[in-house]
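Listed below are the residues making up each chain.
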Amino acid sequence: MLIKSTTTAGFQCPSCGNIQSRELHCFHFGGTGAHEILCNSCGRKVAVLQRKKKGQIQLKVDCLDCYDEHVFPLRPGLFWQTPLKAFQCCETQETIFLIGEADLVDEAMQRAFYLNSDDEQNYQMPKKPEELGAFDTVEDVMELIGHFQKLAAEGKIFCSCGEYYLEMKIERDIVRFICPGCGNERILDISTKEKVEQIRRLEEIRLT
């Protein structure tokens, strides 16, 4: 089973009305800092994402319907793994923000923002995926990703070519880091709980 470390956000700017999507990567949430999503047309802040305690992600969205700010707490597994999740204004019940797979987000934006139709269907991730290797739950995987995020925020995940923004893929038994600049790869074995614990003790990950 492939555990995703990226997702797509879709929204309509409450200021200029521009409809757009944005790819989000787990390394956007390094440390405890917040990641702002800005409109690529007028520059207004549309949403803020922040990692909280135990890896929980807090989403704050400036509402295009009631012009208030709405706060949504999310489990990290749900945030990264759900095919499609729609967030609604608590007053109008209209969709104001979407996360999920890029093609599903695009389709949902067409309905929610262009045609202003009824609320989108929310898909839920299974609580216990069938194939998680040495992990018991998706939350356990996200704890490991949190360790990688901390290292990345400290500049301790990098390629020998000088690239710091690396691609990461978590599969059943391995974590694969890929440098988009030179193509270097590093594979970490996560086939057992003992090897996962060894990885959690790593203080630096370098691709050579």
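Cut-offs and rules
- Residues numbered from 1 in each chain as written.
- Predicted model: local features only at pLDDT ≥ 70, side-chain atom pairs only at ≥ 80, totals over all residues.
- Heavy atoms only, no water.
- Helix = DSSP H or I, 4+ residues; strand = E, 2+ residues; numbered from the N terminus.
- Buried < 20%, exposed > 50% of the residue type's maximum accessible area, 1.4 Å probe, protein only.
- Contact = heavy atoms within 4.5 Å.
- Areas by Shrake-Rupley, 256 points an atom, 1.4 Å probe, with all protein chains shown as cover.
- Salt bridge = Lys/Arg side-chain N within 4 Å of Asp/Glu carboxyl O.

Our next topic: the overall build of the protein. The helix and strand inventory of the protein stands at four helices and 13 strands. Expressed as a percentage of the 208 residues in the protein, the buried residues total 45%. Counted over contacts in the protein with a minimum sequence separation of 6, partners at least 24 positions apart contribute 46%. Of the roughly 10,500 Å² of accessible surface on the protein, 45% is carried by carbon and sulfur atoms.

On to the pattern of salt bridges, then. Throughout the structure, instances matching the rule amount to six salt bridges. One salt bridge connects K45 with D62, and the closest N-O pair in it is separated by 3.5 Å. Here the residue K45 occupies a position in strand β4 (residues 45-51), and D62 occupies one in strand β5 (residues 57-62), the gap between them amounting to 17 residues. On the basis of relative accessible area, K45 is assigned to the partly exposed category, the value being 27%. Between E154 and K156 there is a salt bridge, and its shortest N-O distance comes to 3.5 Å. For E154, a relative accessible area of 39% gives the class partly exposed. If you follow the salt bridges from partner to partner, you end up with R44, K45 and D62 in one network.

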